[in-house]
There are 4 protein chains.
Amino acid sequence: MERLERKEREFNMRRAEILKQAEKVFATKGFHNVTVAEIASASGFSIGSLYQFFEGKENLYTTMISEKLDLMYAEIRKATNAAKDITGKIEALIDAHSQFIEKNKDFCRLFIKGENAALSEAMTSLRQKLIDDYFKHINFIENLLKDGIKKGLLRALPPHDMASALFHLIRASSMEWMLVPAKESLSSKKGFILDIFLKGVKKYD
Amino acid sequence: MERLERKEREFNMRRAEILKQAEKVFATKGFHNVTVAEIASASGFSIGSLYQFFEGKENLYTTMISEKLDLMYAEIRKATNAAKDITGKIEALIDAHSQFIEKNKDFCRLFIKGENAALSEAMTSLRQKLIDDYFKHINFIENLLKDGIKKGLLRALPPHDMASALFHLIRASSMEWMLVPAKESLSSKKGFILDIFLKGVKKYD
Amino acid sequence: MERLERKEREFNMRRAEILKQAEKVFATKGFHNVTVAEIASASGFSIGSLYQFFEGKENLYTTMISEKLDLMYAEIRKATNAAKDITGKIEALIDAHSQFIEKNKDFCRLFIKGENAALSEAMTSLRQKLIDDYFKHINFIENLLKDGIKKGLLRALPPHDMASALFHLIRASSMEWMLVPAKESLSSKKGFILDIFLKGVKKYD
Amino acid sequence: MERLERKEREFNMRRAEILKQAEKVFATKGFHNVTVAEIASASGFSIGSLYQFFEGKENLYTTMISEKLDLMYAEIRKATNAAKDITGKIEALIDAHSQFIEKNKDFCRLFIKGENAALSEAMTSLRQKLIDDYFKHINFIENLLKDGIKKGLLRALPPHDMASALFHLIRASSMEWMLVPAKESLSSKKGFILDIFLKGVKKYD
DNA sequence: GATGAATGAGCGTTCATTCAT
DNA sequence: GATGAATGAACGCTCATTCAT
């Protein structure tokens with residue numbers, strides 16, 4: 001019994017190590033420009049071993065993307081839920097999202113670079129998962145904003161559109177921060193995002 | 001003389017036809033999953049002929065992306081410049097951008113899917129061009145908003161960040177419209193974008 | 001009648017012009033690294049026109065080689081025949097051969113570089129022609145030497161082997177002259193070739 | 001340790017096998033008329049495997065030529081050095097050279113056919129190596145002959161030219177033997193070469 | 001179990017030749 | 001006749017995956 005557990009633990013550790021190194025390599029060069037041999041070499045395993053952990057190159061890639069994104073959404077929601085009031089939650093949402101991107105610059109670049117397309121089964125279902133997760137996340141933000149409307153803090157605009165807007169305002173800062181080599185910390189944009197999202201750009205209402 | 005002109009016209013028509021068909025094929029399957037033979041067959045030319053118009057697969061791809069994007073930015077700016085006052089210009093900006101996306105759904109999907117990455121010279125310089133064009137466009141919007149600030153219509157927020165925010169609010173709607181199969185017209189979101197951009201989501205200031 | 005003659009004369013002039021330019025291009029880059037388009041462009045004719053003068057690329061190449069080599073052998077024999085006595089004839093043979101090589105350095109390099117092989121019909125028959133011409137030439141020298149034996153000037157060694165030896169002694173100098181960038185005139189070797197061929201290297205007999 | 005040695009030995013055996021079969025195929029058809037698939041099939045390996053042993057088609061070709069030629073020069077020099085006196089050494093030189101050609105008819109034919117040209121890096125450096133090795137060999141013969149001059153056996157002709165002459169006299173016989181399908185053994189020419197090289201063709205001095 | 005050499009389908013690209021104009 | 005755009009077979013090479021050791 002104990003033996004089995006150790007085996008399982010070891011298996012998971014190796015799997016995680018491979019994913020970690022694969023992320024680095026993929027993030028640097030993109031899916032199509034990386035060979036399985038490279039990942040094997042980077043992670044210190046043999047080519048053959050990789051195929052014991054993952055069904056193939058695509059599966060390794062989609063798993064890596066998928067698990068990392070799960071982590072991102074989880075982190076953001078956890079931080080958001082931990083805040084007390086609506087404004088605090090929105091602030092936490094912006095902050096946690098920004099921080100994840102700052103910590104995972106290379107990974108996130110994969111989404112600017114693109115490198116997702118493909119026709120194969122695995123890639124198609126990855127894309128669908130990405131879309132589903134995206135809408136789940138928008139829905140999470142939506143509920144937050146609905147609460148704000150109910151509490152009389154926010155205007156009664158379509159919640160889904162508001163949520164989408166907030167998400168993409170965060171994305172806007174992130175993208176620019178990733179595109180321009182050296183700039184101030186991404187987190188410094190939090191105030192602006194919060195301000196423009198809440199009050200808009202017009203001078204007098 | 002006339003002969004030469006007709007030759008040139010024909011050349012350009014064939015070139016355009018290839019680009020048009022290549023756009024369709026690339027949009028469906030992404031750069032790496034399309035073969036030159038497929039594009040040749042789809043556009044009704046032989047493999048060899050493609051190489052008279054374009055230096056290779058990458059050149060065909062980057063040319064297609066580049067020219068189409070040039071067109072998009074040009075259309076948006078033309079429509080924007082044609083409007084009279086600031087609010088009208090912002091409205092026109094949103095409208096023209098939305099309309100281009102509605103008319104070029106498949107092409108725009110390439111950017112959601114990503115499929116830009118690659119390490120080669122051509123691809124690297126395409127990416128740089130995309131980034132440059134993006135910032136040029138943000139700058140165009142920036143100037144528009146600066147004018148609004150000067151005229152006392154808009155708050156004196158950092159113009160670049162405001163421009164980026166507006167651009168990504170438009171992008172937010174577009175993305176969702178492309179992700180969800182059948183939905184109301186993208187243009188119908190114009191009112192919301194304008195509203196949230198100008199006034200924000202907060203109930204009382 | 002006269003019209004026809006002019007046509008024919010023009011045809012031959014164009015054909016010669018193509019061969020002349022083709023020689024230059026082939027000599028510089030070798031058969032496989034030259035395209036038909038290059039030859040067309042170099043000779044000032046269209047691709048299609050080339051196919052009116054020659055059946056194809058191989059035919060153009062083999063014709064060029066063949067005719068040039070015919071010329072070489074003809075020149076050498078003419079000069080040789082013009083000399084009076086045996087020793088003079090051998091001297092003339094060496095001289096004319098050396099001079100042809102000096103005048104046609106690039107062409108002759110084709111034979112050092114190789115660039116003859118191929119499996120196709122045309123190439124095979126070219127090779128056979130080269131071999132036949134080579135033996136015909138050796139035979140010419142042979143007759144010269146037989147005469148020398150009959151006249152009591154030369155030892156009664158196997159005439160074919162003697163002829164071959166003489167030919168390759170000339171070739172030896174030529175080769176080195178072509179391999180080493182800048183050297184004294186090839187013709188300056190005539191004395192040495194004659195000396196070693198006639199007297200050998202041994203000090204006392 | 002032992003394991004590693006066996007691996008290395010196997011690797012070298014496979015590499016040698018590929019070179020051997022490649023030599024046959026190239027010798028028959030020339031560089032440009034052989035496909036990588038053909039060599040793979042002839043040597044009993046897959047296309048991909050060839051690329052584990054050699055960087056590409058050119059590398060395979062140049063390696064084959066280079067190693068074989070190294071072997072030839074080594075054999076000739078070894079045999080020559082083993083002989084006692086000058087005349088014996090010259091005889092051994094002729095003999096060893098002839099024997100190598102008799103044993104490696106197909107390989108040597110590559111040099112008659114030519115098939116060395118090409119513009120690429122690898123081919124250019126092969127050519128330079130061939131030339132360098134040629135002159136190194138001539139130099140080896142030169143030293144031999146210089147010794148003969150010093151010992152009073154040979155006339156004080158320019159040693160380099162004498163060496164070149166001897167080399168090409170051997171080459172003359174070899175070439176004819178290769179060109180004419182069936183003939184007496186090449187080695188039977190040794191006597192003639194020695195005779196003409198030492199004494200020349202003139203009857204009375 | 002672990003390995004990495006072996007496999008070969010599939011790719012982008014070239015260029016001799018043809019033939020509509 | 002003269003042209004050169006169009007053709008597509010054929011090539012060298014890569015690399016995800018397998019499987020004998």
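If you're wondering where the values come from, they're calculated on a predicted model, not measured in any experiment. In this numbering scheme, every chain counts its residues from 1 along its sequence in written order. Lettering of chains starts at A and numbering of ligands starts at 1, both following the order in which they are written. Reporting of local features is limited, given that this is a predicted model, to residues whose pLDDT is at least 70; pairs of side-chain atoms are given and counted only at 80 or more, and all residues count toward the totals for whole chains, interfaces and linings. Side-chain descriptors were evaluated using all non-hydrogen atoms of the structure, hydrogens and water having been removed beforehand.

Novice: Give me the relation of the copies chain D and chain C: which residues, what numbers.
Specialist: Mapping between the two chain copies consists of a rotation about an axis together with a translation along that axis. For the pair chain D and chain C, the best superposition has an RMSD of 0.5 Å and corresponds to a rotation of 178° with a translation of 0.2 Å parallel to the axis. The superposition of one copy onto the other is thereby described by a two-fold rotation axis. Here the copies were fitted onto each other by least squares, based on C-alpha atoms from residues at pLDDT of at least 70 in both.

Novice: Describe in detail the interface of chain D and chain C, supporting the description with residues and values.
Specialist: By a frequent convention, interface size equals the accessible area lost on bringing the separate parts together. Chain D puts 49 residues into the contact, and the matching count from chain C is 46 residues. Once two parts are joined, some of their accessible surface, as seen by a 1.4 Å probe, is lost; buried area is that loss totalled over both. For the pair chain D and chain C, the summed buried surface comes to about 4600 Å²; carbon and sulfur atoms form 63% of the total. The largest per-residue losses of area from chain D upon contact with chain C belong to Arg155(D), Glu176(D) and Val201(D), which jointly make up 16% of the total buried on that side. One side-chain nitrogen of Lys or Arg within 4 Å of one carboxyl oxygen of Asp or Glu is enough to make a salt bridge. Counting across the interface, chain D meets chain C through four salt bridges. Notably, a salt bridge pairs Lys189(C) with Asp161(D), separated by 3.0 Å at the nearest N-O pair. At the level of secondary structure, the elements contributing two or more residues to the side of chain D that touches chain C comprise helix 1 (2-29), helix 7 (121-150), helix 8 (159-179) and helix 9 (190-199) of chain D. Each helix is a run of H or I in the DSSP string that is no shorter than four residues. Each strand is a run of E no shorter than two, and both are numbered from the N terminus. Considering every element that reaches the side of chain D that touches chain C, the biggest residue donor is helix 8 of chain D, with twelve residues. Between two residues, a contact is recorded if the distance between any of their heavy atoms is within 4.5 Å.

Novice: Can you explain the domain arrangement of chain A? Please cite residues and give values.
Specialist: All names here are of chain A. Domain boundaries shown here were taken from an automatic or database domain assignment. Partitioning chain A into structural domains gives domain 1 (1-54) and domain 2 (56-199). For domain 1 and domain 2, the distance between their C-alpha centres works out to 27 Å. Facing the 18 residues of domain 1 at the interface are 18 residues of domain 2. Together domain 1 and domain 2 conceal approximately 1600 Å² of surface at their shared face, both sides included; 66% is due to carbon and sulfur atoms. Summed over the shared surface of domain 1 and domain 2, the number is two salt bridges. A salt bridge links Lys68 to Glu23; its shortest N-O distance comes to 3.0 Å. Think of a polar contact as two N or O atoms within 3.5 Å of one another; within protein, one of them needs to be a possible hydrogen donor and the other a possible acceptor, and neighboring residues in sequence only count if both atoms come from side chains. Put simply, domain 1 and domain 2 have five residue pairs in polar contact (both at pLDDT 80 or more) between them. Secondary structure elements with two or more residues in the side of domain 1 that touches domain 2: helix 1 (2-29), helix 2 (36-43) and helix 3 (47-53). Looking at which element gives the most residues to the side of domain 1 that touches domain 2, the answer is helix 1, with nine residues. Think of it as three bins: nonpolar holds Ala, Val, Leu, Ile, Met, Phe, Trp, Tyr, Cys and Pro, charged holds Asp, Glu, Lys and Arg, and polar takes everything else, Gly as well. In the side of domain 1 that touches domain 2, the residues fall into twelve nonpolar, three polar and three charged.

Novice: Break down the side chain of Asp161(C) for me, with residues and values.
Specialist: As for its placement among the helices and strands, Asp161(C) is situated in helix 8 (residues 159-179). In this structure Asp161(C) comes out as buried when scored by relative accessible area, which is 13%. In this structure Asp161(C) touches Lys189(D) and Phe192(D), once residues within four positions along its chain are discounted. Partly exposed residues are those whose accessible area sits between 20% and 50% of the maximum for their type, while under 20% is buried and over 50% is exposed, using a 1.4 Å probe and protein chains only.

Novice: So, the relation of the copies chain A and chain B: which residues are in play, and what are the values?
Specialist: Of the transformation placing chain A onto chain B, the axial shift is 0.1 Å and the rotation is 178°, giving an RMSD of 0.5 Å. Comparing contact sets, 100% of the residues at the interface of chain A also lie at the interface in chain B, consistent with an isologous, same-surface contact.

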